[in-house]
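Secondary and tertiary structure notes
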Amino acid sequence: MSDTRWHHYPPPDLTPVDAATAAARCARVQKRSIKRETKVRLLKLALSMVDLTTLEGMDTPGKVESLCRKAMRPHPEMPELPSTAAVCVYPNMVPVARKTLGPDSAVKIAAVATAFPSGLSPLPLKLDEVRRTVDFGADEIDMVIDRGAFLAGDFGRVYDEIAATKEACGAARLKVILETGELQTLENVARASRLAIDAGGDFIKTSTGKVSPAATLPVTLIMLEAIREHFLETGVMVGMKPAGGIRTAKLALHYLVLVGETLGSDWLDPQWFRFGASSLANDLIRQLLRRDDGFYQSSRRISVD
Amino acid sequence: MRLSVEKTLKMYVGGKFIRSESGRVTKTQSSDGSTMYAAHASRKDLRDSVGVNRKAQGGWAGRTAYNRGQILYRLAEMMEGRVGGFPTTDADRIAAIDRAVHHAGWTDKITAVLSSLNPVGGAYVNYSMIRGMGVIVAIPHPEDGLVGLVESACQILVMSNAGTLLIPTEMAELGAAFAECLHTSDLPGGALNILTGDVEALLGEADKHDDIDALLVSNGAVPKAAWSASKEQGARVLRRLVMSGRAAQPAGPETFAKLCEVKTVWMSAAPEVPAGRVSY
Amino acid sequence: MSDASPHRLRIAGAIDFASSPESTPVTIPSHVGHYIDGAHVEGQQEGRFDNVNPSNEEVLCTVASANDAEVDQAVRAARAAFDGPWGAMSGADRGKYLYRIARRLQERAREMAVLESRDNGKPIRETRDFDVPTAAAHFFYYAGWADKLDYVMPGRKARPVGVCGQVIPWNFPLLMAAWKLAPALAAGNTCVLKPAESTPLSAWALAEIIHEAQLPPGVVNIVNGAGATGAAIVGHSDIDKVAFTGSTPVGRIILRQIADSNKRATMELGGKGAHIVFADAPLDQAVEGVINGIFFNQGHVCCAGSRLLVEESIAEDFLGRLRRRIEALRIGDPLDKNTDIGAINSAEQFATVQKYIGIAQEEGAELWQGCANEPPSNGFWVKPTLLTGVSQTDRVVREEIFGPVLAVLTFRTPEEALKKANNSEFGLSAGIWSGNQARIFEVAHALNAGVVWANGYNLFDPTSPFGGIRHSGFGREGGIHGLYPYLRLEA
C-alpha cells in the first residue's frame, strides 16, 4: 500500500471547473477551419493515431485478423497512408492479433483488461488478467478504474489498483480508463485524471465505449489540462486517449486542434495521443480520398474493417 | 406685554441641528408674523453636508428594505403627533403625512417593480437589480410646502440614497419643523440633511462638487438658466439632472427609475456534463 | 512575475493552419451616401472622405459627410414620419416591421459579416458568430415589445418620445445600430442615426434591409459624416432624445451641447473593467474569460476587462496559463475563419494604443506580447499585450486604452480587490472568477459597475440590460430597462 496525497483526507484540493466556459472553449475550437494542406496533414496524423478497436462479445479470430490487416494497410489503394497506431481488442484476441501483425509490428496491440468494462472484480484476478494479457503479446493495457470506489471517495484504493496494475504491466504501456460518463462532473474528471497520472498511468483515457456519453471535447479538455499541469510540475509527458463517439474526421481534427492549443506540438504524435475508435478510420480515409480525386466516396469503396 | 424670545432656526445636518459654519443668519418672519432668524448655508456648509451624506449612504442602503420602510412610516407618525403642527395649511400637513405613509410602503417593493430576471441564452442566471445612486442634492418646489419636502426627501430615501434638501430662507421654519420630525424618526444621521439659504447659489456650489451623484430638481423650482448651468457643469462628471414633477402627485416608478442605478449580474449556472447512461 | 515551471509547451504554431478565408461575395459601393426619407442619396460633394480597410490599408469606398442642411432634411423626415404614418401605426404593425428587419438580417447574415469584417478589421469569427446574430436577435427581441409597451411599467401608459438622434461608434457598427434603432422603433419613435466615420458599411447595408422591409419613409434616416455631423444631429432643435455610444470626452461635449434643452439623453461611454480572479477560481476557465475580456474585438470594447486583478498567491501560475493560452491566438486577416485577433480599426486608434504601450514602459511596466503567428506587414496590428509590474497610479491602469492591452495587478484579500476594482472613475463592467458562490454574490453586489459577469465575461443578450455608471454613462440598452429612455411613462 502506498501513502500518497490520495490516501489522506481531505483529498487534494484541485481547482474547480466552470462547465459553461469549458464548453465555450470547446465550441471555439470547433470553429477552427481546417483546410487544404493542413487538412491532409491532420487527416493522416489522425489516422496514425487510431487505436482500431473491436470490443464485442461476438468478436471472433476472423474479425480480429481482418481488423489487424486494416490497421496495417487502412486503404490498400493508398499505400502512402500510415498504419493506425494500434488495434484494441479483448485479452483472448491478443494472440490472434499478434500472429496477424507479426512479432515487431509498428501497429501496437492494445488490450482491455482488469475486468473491463466495470472493473468490479477482485484485484488479484484483475492483475492476473493483466499479466496473462501481456504474456499473450499485448504492448498496451487499457485498464478501467473502480468508479464506485472513486465516487465513494476511496481515492487511495483507486490509486493502489492503478499502481498495482502498472506494476503488473511490466514493459507494456498502461492506459487508465476513467469512464468519464460515470464520473459525470468535470471536477471529478479533473480529479480522476490527476489521480491516474500520479498512480503511474502512461495514458489517461476517457471511456470504455460502453457508457454514454463517451468522449466529449470538454471532458478531453479537462484531461489534457491535467496532463499539462503534471508536465509543468514534473517534465513528464503523459498520453491522452479519447475513446468512443468520435466517428467523423471533422470532429477528430477538432480534437487535434484542442491538443495543439492545450499541450502543443509535442503531443501531436501517436506516441502521446490516440483515438479509441472503430468507424473513424474509414471517415478519415474517405476525406483523404476526396482530397485526392475530388469526389466524396461511397462508403462501399472502403473496407468495413 | 411679554417680550418674545426670538428664535434662530438651525439647519439639519448629520442628525444634528447646526448653525452655518459661517455664522451667517438671515432675518425672516415666522408664520405668526414675528421676527425670526434662519441659518444661512455657506458653500462650505454644502460641501460638509455632502460629505456627511456620503458617509451615511452606505449605512442607510445597508439597512433592510423593511427597516427603511419602518423608519419612513415612523416619520409619518412623528409628523402626525407633532404638537403644534406645522407652519402650513392643514391640507398641506395632511397631504404631507399621507405622502410619507405612501412612500414608506415603497421601500420593500420598488426593487421588485424595477428589477428583472432576464432569460438570456446560455447557462447563466441573469438579473438586473437596482441600487441607490449615492448622494443626491434635491431642490423641492417652494410652493409645494411640506408635501414638497416630504416628496423630495422620500424620493431620495426610498431609493437608498442619502441627500441634502436645499430650501430658501422663507421655508426655514417649515424645514426646521420637518427636520425635527426626521430627527425623531430613527432615520440615521446624515441620510437626509436640510440646508437653508440661497438655493441657486447652493446649486451653483453643487455644480462644482464632483462627489454628488445626481441633482433632483422639482419642475420650476429654479429658473431654466440655473438648471441649464447645472447640466452643463454636470457634463464634466456625467452627472444626471433629474427633473421631477410637482408634489401634487407622488413620484412613481418612472421617477424612482431615474434615481437608481440598474446593475446587471451574470452568474454562471453551468449544467455539468450530461449524466451518464449505462448501456452494458 | 514569470511562470515558475522550467518545462515548456510548444503551443505557438503547433497547428499550422492553412488560410481559410470566408468567401461569401459582397458588394461594396464605391461611395456611401445617406439614407434620408426612404431614399439613398449621394450627399454633398464637400467633405467626402475615404473609408480604409484597416487590415490592408486599401480604400474601400468614399463616404459622404452630411452638412447641417442634410441633417435638417433627415430630422424633418423623421418628424414627418413620427407625426404621420409611424405615429399612427399600431404597435403590432411596428413590431412586424422590426421582425422583418430581424429576419432579413439573418438571411443576409454571412454577407453582413463579411462587410463588417472588411470595414472594421474584426475577425469574421466574431462578426459571423456574434455581431450579426446578436444584432438580429436585438431586433427580434424589441419587435415583440412594440405592442406590449403598457406592460413596461406598472400603472403607466407608455408613449414615444419623438425623434431620436443616435450617434454610434466604430467598434460594433451593426450591433450598435441595432441597439439604438430596435428599442427606439419598438417604442414608436423615429430615428436619425449616424454611424462612425470609419465604419459606415454595415449601416449602409442595414439601410438597404430597412428599405426592403418597406418601413415608411423617414422612420429611419442614416446620415454619414464625422464629429460635425454628429453635433448637427444632437444639436438640432427638433431632436427629442439623444443616444450616444462612444468615448467619455465626446459624451461630455454632447451633454454640454444639449444642456440648455429638454432633450433626453442616454450615454454609453468608456470603461476600465476590473476582472478579478480569486485563488479559488476555476483557473483555466478564468483564463478563457480574461482572454475573452480583453482580446475580444482587439480590446475595442467599452466593457473590456482591461484591468486584471489576480490574487497574489496564484498570480505567477495564472500568468503562465494566460501566456500559454495567448500563444494559441492567431492574428491576421480578419476574413480568415481562424483569426482570433483582427486589425486595429484605424491608423488613429493604432497610434493611441502604441502611445499607451509607450507610456506603460515609461511608467516601468514589464511588457509581454504573444501570439501564435506574426501579423501581416500591411495594416494596423497589435499583438495581445500584457503589462505587469503596474500600479493603481499608472495611467495604463486608470485610462481607457481601447486596445488589446491588459494591465495586471494583484491583491491579497477580497476587500483589497474590491477597493482597487472600485478605484476608477468609470463604472461600466467588472468580472469575478471564484468557486465560492457566496463570495461571488458579495463581491458582485459591491462592485461599482453597471454589468458584472461572474464566471464569464463579455456575454451579451438582448434581454440583458447593459450600461454604466459614473463616467461610463447612464441609461441602459437591452432588456426592459432599455425601453425606459425611449418612452414617456405617464400616469
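Remember, it's a predicted structure, so these values are computed and weren't measured experimentally.

About the criteria used
Residues numbered from 1 in each chain as written. Chains lettered and ligands numbered in written order. Predicted model: local features only at pLDDT ≥ 70, side-chain atom pairs only at ≥ 80, totals over all residues. Helix = DSSP H or I, 4+ residues; strand = E, 2+ residues; numbered from the N terminus. Buried ≥ 20, exposed ≤ 12 C-beta atoms within 10 Å, placed from the backbone. Contact = placed C-beta atoms within 7 Å. Rg over C-alpha atoms; globule rule 2.2 N^0.38 Å. Nonpolar A, V, L, I, M, F, W, Y, C, P; charged D, E, K, R; others polar. Pairing = 2+ DSSP bridges. Right-handed = clockwise from strand over helix to strand, strands pointing away. pLDDT = per-residue confidence, 0-100. Axes fitted to C-alpha atoms, helices over the stretch in contact; angles between N-to-C directions. Parallel < 35°, antiparallel > 145°, perpendicular 65-115°, else oblique.

Right, let's talk about the overall build of chain B for a bit. Assigned secondary structure in chain B consists of nine helices and 14 strands. The principal-axis extent of the C-alpha atoms belonging to chain B is close to 110 × 40 × 30 Å. By residue count, 53% of the 280 residues in chain B fall in the buried class. Relative to all contacts within chain B whose residues are 6 or more apart in sequence, the contacts with residues 24 or more apart total 79%.

We now examine the overall build of chain C. The helix and strand inventory of chain C stands at 15 helices and 20 strands. Computed over the C-alpha atoms, the radius of gyration of chain C is 22 Å, within 12% of the 23 Å expected from 2.2 N^0.38 for a compact globule of 491 residues. Taken over the C-alpha atoms alone, chain C extends approximately 70 × 50 × 35 Å along its principal axes. For chain C, with 491 residues in total, the buried portion stands at 63%. Of all intrachain contacts in chain C linking residues separated by at least 6 positions in sequence, the fraction that spans at least 24 positions is 74%.

Turning our attention to the interface of chain A and chain C. Counting from both sides, the interface comprises 30 residues of chain A and, opposite them, 25 residues of chain C. Those elements that place two or more of their residues in the side of chain A that touches chain C are helix H1 (19-29), helix H2 (36-48), helix H10 (217-234) and helix H11 (249-262) of chain A. With five residues, the single largest contributor to the side of chain A that touches chain C is H1(A). Along the lines of polarity and charge, the residues of the side of chain A that touches chain C split into eleven nonpolar, eight polar and eleven charged.

Residues and elements named next belong to chain C. Most of strand S7 (residues 163-167) is tucked away: five of the five residues are buried. Neither face of S7 is exposed, since Val-163, Gly-165 and Val-167 on one face and Cys-164 and Gln-166 on the opposite face are all buried. Note: S7 against strand S8 (residues 190-194), five bridges, orientation parallel. In the sheet register, Cys-164 faces S8, and the bridge partner there is Cys-191. Handedness of the β-α-β unit built from S7, helix H6 (residues 173-186) and S8 comes out right-handed. Note: S7 against strand S10 (residues 241-245), four bridges, orientation parallel.

Moving on to the sheet that holds strand S5 (residues 35-39) of chain B. Residue and element names in this part refer to chain B. Overall, mixed pairing links the three strands, which are arranged S1-S5-S4 in an open sheet. A single partner strand is all that each edge strand has here, and the edge strands are strand S1 (8-9) and strand S4 (25-29). Examined bridge by bridge, S1 and S5 share two bridges and lie parallel to one another. Residue pairing in the sheet places Leu-9 in a bridge with Ala-38 of S5.

One face of the sheet, then the other: side chains in a regular strand alternate in exactly this way. All names here are of chain B. Side chains Tyr-124, Asn-126, Ser-128, Ile-130 and Gly-132 of strand S7 (residues 124-132) all project onto a buried face; the interleaved residues Val-125, Tyr-127, Met-129 and Arg-131 project onto a face where none is buried. Note: strand S6 (residues 116-117) against S7, two bridges, orientation antiparallel. Bridge pairing links Leu-117 to Tyr-127 in S7. Linkage of S6 to S7, two consecutive antiparallel strands, is achieved through a turn of six residues, within which Gly-122 is found at a positive phi near 100 degrees. The sheet contact formed by S7 and strand S13 (residues 260-268) spans nine bridges and is antiparallel. When the sheet's bridge partners are listed, Asn-126 is paired in S13 with Trp-266.

A few words on the confidence of the model for chain C. Mean pLDDT for chain C: 97, with 99% of residues reaching 70 or above. Here the prediction assigns the complex a pTM of 0.96, and the interface score ipTM is 0.96.

Moving on, we come to the packing of helix H7 (residues 199-207) of chain B against helix H8 (residues 224-234) of chain B. Residue and element names in this part refer to chain B. Packing of H7 against H8 leaves a shortest axis separation of 9 Å and a crossing angle of 10 degrees. In terms of their interaxial angle, H7 and H8 are classed as roughly parallel. Counting all contacts with H7, which are made through Glu-200, Leu-203 and Asp-207, the residues of H8 involved are Ala-226, Ala-229, Ser-230, Gln-233 and Gly-234. For the contact of H7 with H8, the per-class residue count stands at three nonpolar, three polar and two charged.

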